[in-house]
Protein chains: 2
Amino acid sequence: MRIAIYGYGNLGKGVECAVRQNADAELVGVFTRRDPSSVKTQFGAPVYKADDILKFVNKIDVLISCGGSATDLPVSTPVLAQNFNVVDSFDTHANIPSHFEKVNSAAMLGRHTALISSGWDPGMFSLNRLYASAILPEGETYTFWGRGVSQGHSDAIRRIPGVKDARQYTVPVPEAIDEVRRGEQPDLTTRQKHRRECYVVAEEGADLEQIRQQIITMPNYFSDYDTTVTFISEEELLKNHSALPHGGVVIRSGVTGNGNKHTIEYKLTLDSNPEFTANVLVAFARAIYRMHNRGDNGCKTVFDIAPADLSVLSPSELRKQLL
Amino acid sequence: MRIAIYGYGNLGKGVECAVRQNADAELVGVFTRRDPSSVKTQFGAPVYKADDILKFVNKIDVLISCGGSATDLPVSTPVLAQNFNVVDSFDTHANIPSHFEKVNSAAMLGRHTALISSGWDPGMFSLNRLYASAILPEGETYTFWGRGVSQGHSDAIRRIPGVKDARQYTVPVPEAIDEVRRGEQPDLTTRQKHRRECYVVAEEGADLEQIRQQIITMPNYFSDYDTTVTFISEEELLKNHSALPHGGVVIRSGVTGNGNKHTIEYKLTLDSNPEFTANVLVAFARAIYRMHNRGDNGCKTVFDIAPADLSVLSPSELRKQLL
């Protein structure tokens, strides 16, 4: 399958690596809104102008849309879905239903197949919430994120005057996870589930206490959490906080029969959030390509994909080797 | 959907409980090879002779076949699949391909939909092996079982002369799990992955040391493992070892990009192996019923089921609530 990357940030670079791990995939190229001559790919893939994408109709089997969920994907995925099979990682949970409708209309019109909101959350975590709740109807599902870097929260800190750079880690509270694992089905507040650790590089002469107050009282982002703020040097930030690890766990505990308890747990521990997300996108691109070849058009989510379509192995190989 | 249970052992009883947790399911009855008047169901479901099953064509939407994999299911599932949609938990891994072919031919002939090898392993563990290997092509997958009761190994001990009753626990070796979690991708022997703990009630006057030797040297079952044998009284067996807990974990670790490590882990902790398995079967029965209503006949495995079909929620509810 011929894959192309639309948008070349951390996620696009991850997709470039992921394609090389899949023998049935090849990379057509990278499409960018920047000047193509200013963009150098990691392994020499050609770079094209995003505006030239329509010249590649019939030369791309699946386009992986690697823009941001805030402003890029709501516009680009519907437009692209009319002319290409497309996969995105749209992750603004509240807007998924409307994004779905727009992408579905476009894909139906263009007779293409699209997948939105793939990755690990939404994505693999969503799948595990679904499987676990279908298996244990009488139970409760919990999602914990981290320990990992939240890009959105890091950006929010960077917008505070006097802040030069920042990294925010979302940290699950171990006691809360333990309670859930024991099957106690606790009611947990936002504060009881996660802590937030902030590493901040301040401008010279900035009022550190004022920055700290602005962070810990920031509504939505920090005010509902126990937040720690540590000021560090730029060197230390680069040295110890330049990676993008993440992960988390989905746990459902439930009961059956005469009070028997069961716990289903799905846990990810990731050195690189964008690279792992990219690998998920490429596996699902394979499924979308196959579904399109079967005439199954329109917008899909991870819930609609039969797992066998994700694998390079044939159905009979899967039954023999993995069942 | 109208469910019926074919075979009323531990698994059949679990299905009877599971149906009550699913508002869209109702239980038609239990079919048994025993004299129906000798079988009392837990919640008053009617009991019929297995031989009368064909009188219930068109009265059952999905038949859940709850026999054993050694002798029951290889015969019964193909026969039943010709006349009913059927779900089984066939778990003899080596014979899955031939079982699949037989059930597929029968289901195609009768225009029904069948699912074989559902449950947790094969079943949910298989799904997680597939998802994880599709996402991380460069990696290694490990499956650990336990701590839990292995019925097959308990039966093997009971067949030794001088043994009155026995319970065998499969126990994963914690050090091996830790190595795998750290992403070290170790080569592990059978002995390094699991230990076996046996609790044995001996007949009066039996030679305990001879029983112990027969257990620990038994090929396939015990000779490749570190096995402990503890002799206990019948009372203690009933008091402390009458439950059927089980569980385990599937872990895949892999790398992306420039050596970034990732770990995907799916873990089950189950108070009751048969009740949990039964809940999985009923969720998949829902999918099989829907696929049959769409004209999608033949034999399926868990790999062929789009996750959305497992849930009582509609696709738009799923996107809104679980994605």
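Residues numbered from 1 in each chain as written. Chains lettered and ligands numbered in written order. Predicted model: local features only at pLDDT ≥ 70, side-chain atom pairs only at ≥ 80, totals over all residues. Heavy atoms only, no water.

Asker: So what exactly am I meant to see when it comes to the overall build of chain A here?
Answerer: A count of helices and strands for chain A gives 11 helices and 14 strands. Here the C-alpha radius of gyration of chain A, 21 Å, is about what a compact globule of 323 residues would show, namely 20 Å. Seen along its three principal axes, the alpha-carbon backbone of chain A occupies a region of about 65 × 55 × 35 Å. The burial tally for chain A puts 56% of its 323 residues in the buried class. Of all intrachain contacts in chain A linking residues separated by at least 6 positions in sequence, the fraction that spans at least 24 positions is 68%. Averaging the positions of the 34 positive and the 38 negative side-chain charges in chain A gives two centres separated by 5 Å. (Helix = DSSP H or I, 4+ residues; strand = E, 2+ residues; numbered from the N terminus. Rg over C-alpha atoms; globule rule 2.2 N^0.38 Å. Buried < 20%, exposed > 50% of the residue type's maximum accessible area, 1.4 Å probe, protein only. Contact = heavy atoms within 4.5 Å. Lys, Arg positive; Asp, Glu negative; His and termini not counted. Charge placed at Lys NZ, Arg CZ, Asp CG, Glu CD.)

Asker: Hey, could you run me through the environment of L130 of chain B in this one?
Answerer: By the secondary structure assignment, L130 of chain B is in helix α4 (residues 124–135). Residue classification places L130 of chain B among the buried residues on the basis of a relative accessible area of 0%. If we ignore the near neighbours within four places in the chain, the residues touching L130 of chain B are P307, A308, L310, S311, L318 and L322 of chain A together with F303 of chain B.

Asker: Please clarify how the interface of chain A and chain B should be interpreted in this entry.
Answerer: Accessible area lost when the parts come together is the quantity often used to give the size of an interface. Residue-level contacts link 62 residues of chain A with 62 residues of chain B. For the pairing of chain A and chain B, the buried interface totals around 5400 Å² over both sides, and the portion due to carbon and sulfur atoms is 63%. The tally of links from chain A across to chain B stands at zero salt bridges. Counting across the chain A and chain B interface gives 27 residue pairs in polar contact (both at pLDDT 80 or more). Listed by contribution, the elements that provide at least two residues to the side of chain A that touches chain B are α3 (96–110), α4 (124–135), β12 (246–256), β13 (260–270), α10 (273–293) and α11 (315–321) of chain A. Among the elements that take part in the side of chain A that touches chain B, β13 of chain A stands out by supplying 11 residues, more than any other. Partitioning the side of chain A that touches chain B into residue classes produces 31 nonpolar, 19 polar and 12 charged. (Buried area = accessible area lost by both parts, 1.4 Å probe. Salt bridge = Lys/Arg side-chain N within 4 Å of Asp/Glu carboxyl O. Polar contact = N/O pair within 3.5 Å; in protein donor to acceptor, adjacent residues only side chain to side chain. Nonpolar A, V, L, I, M, F, W, Y, C, P; charged D, E, K, R; others polar.)

Asker: What should I look at first to understand the relation of the copies chain A and chain B in this one?
Answerer: One copy of the chain maps onto the other through a rotation about an axis plus a displacement along that axis. Rotating chain A by 180 degrees about the axis while translating it 0.0 Å along that axis superimposes it on chain B, leaving an RMSD of 0.1 Å. This pairing of chains is accounted for by a two-fold axis. A high fraction, 100%, of the interface residues of chain A reappear at the interface in chain B, so the copies pair face to face through one surface. (Least-squares fit on C-alpha atoms with pLDDT ≥ 70 in both.)

Asker: What is the right way to read the packing of helix α1 (residues 10–20) of chain B against helix α10 (residues 273–293) of chain B from this model?
Answerer: Think of two packed helices as two axes; the pair is described by the angle between the axes and how far apart they sit. Residues and elements named next belong to chain B. It is the contact of α1 with α10, at a shortest axis distance of 8 Å, that shows an interaxial angle of 55 degrees. It follows from the interaxial angle that α1 and α10 lie oblique. Relative to α10, α1 is oriented so that their crossing is right-handed. Of α10, the residues touching α1 (which contributes N10, L11, G14, V15, A18 and V19) are P274, E275, T277, A278, N279, L281 and V282. Here the residues of the contact of α1 with α10 are counted per class, giving eight nonpolar, four polar and one charged. (Axes fitted to C-alpha atoms, helices over the stretch in contact; angles between N-to-C directions. Parallel < 35°, antiparallel > 145°, perpendicular 65-115°, else oblique. Left-handed = near helix turned anticlockwise from the far one by under 90°.)

Asker: Help me understand unusual backbone geometry in this model?
Answerer: Working note: non-glycine residues mostly have negative phi, and peptide bonds are mostly trans. Note the cis peptide between G146 of chain A and R147 of chain A, where omega equals 0 degrees. For R147 of chain A, the location among the structural elements is in the loop between β7 (139–145) and β8 (148–149). Going from D121 of chain B to P122 of chain B, the amide bond is cis rather than trans, its omega being 5 degrees. Inspection of the secondary structure puts P122 of chain B in the loop between β6 (113–115) and α4. Positioned with a positive phi, N220 of chain A is a non-glycine residue whose angle comes to about 65 degrees. For N220 of chain A, the position within the fold is in the loop between α8 (208–216) and β11 (226–231). Backbone geometry places N58 of chain B, a non-glycine residue, at a positive phi of 75 degrees. Among the structural elements, N58 of chain B can be located in the loop between β3 (47–49) and β4 (62–65). What makes N58 of chain B exposed here is its relative accessible area of 66%.

Asker: Whenever I open this one, the pairing of strand β13 (residues 260–270) of chain B confuses me. Can you help?
Answerer: For a regular strand, side-chain orientation follows a simple rule: the groups alternate between the two sheet faces. Pairing between β13 of chain A and β13 of chain B: nine bridges, direction antiparallel. In the sheet register, L268 of chain A faces β13 of chain B, and the bridge partner there is I264 of chain B. Alignment of strand β12 (residues 246–256) of chain B against β13 of chain B, held across 11 bridges, turns out to be antiparallel. Paired with I251 of chain B across the bridge in β13 of chain B is E265 of chain B. Here β12 of chain B hands over to β13 of chain B after three residues, with G257 of chain B in that stretch at a positive phi of 50 degrees. (Pairing = 2+ DSSP bridges.)

Asker: Just checking my understanding: could you explain the pattern of salt bridges for this structure?
Answerer: Opposite charge on two side chains permits them to pair, given that their charged atoms come into close proximity. All told, the structure shown has 34 salt bridges over all chains when counted by the stated rule. Residue D52 of chain B pairs with K55 of chain B through a salt bridge whose shortest N-O separation is 3.3 Å. Note on D52 of chain B: relative accessible area 22%, which makes it partly exposed. Across the pair R195 of chain B and E197 of chain B runs a salt bridge, and its minimum N-O distance is 3.5 Å. For R195 of chain B, a relative accessible area of 31% translates into the label partly exposed. E197 of chain B sits in the buried class, given a relative accessible area of 12%. Residues joined by salt bridges that share partners form a network here, namely D155, R158, D165 and R167 of chain A.

Asker: When you look at the side chain of T113 of chain A in this model, what are you seeing that I'm missing?
Answerer: Residues and elements named next belong to chain A. You can see T113 is positioned in strand β6 (residues 113–115). Classification of T113 as buried rests on a relative accessible area of 0%. Of note is the side chain of T113, whose polar atom sits 3.0 Å from the backbone oxygen of D296.

Asker: Help me out: how do you make sense of helix α2 (residues 72–81) of chain B in this one?
Answerer: In an α-helix, one turn spans 3.6 residues, which is why side chains three or four residues apart end up on the same side. Buried within α2 of chain B are the following residues: L73, S76, T77, P78, L80 and A81 of chain B. Summarising the contacts, the buried residues of α2 of chain B are in contact with β1 (2–6), β4, β5 (86–88), α3 (96–110) and β6 of chain B.

Asker: How should the sheet that holds β11 of chain A be read in this particular structure?
Answerer: Sheet strands line up and pair through hydrogen bonds in the backbone, either parallel or antiparallel. Residues and elements named next belong to chain A. Spatially, four strands are ordered β8-β9-β10-β11 in an open sheet, and the strand pairing comes out mixed. A single partner strand is all that each edge strand has here, and the edge strands are β8 and β11. Where strand β9 (residues 163–172) meets strand β10 (residues 194–202), nine bridges bridge the pair, whose relative direction is antiparallel. Note that in β10 the partner of R167 across the bridge is Y199. Running at roughly 145 degrees to β9, helix α5 (residues 151–158) makes contact with β8, β9 and β10 of the sheet. Packed onto the sheet, α8 meets β9, β10 and β11 and runs at close to 150 degrees relative to β11.

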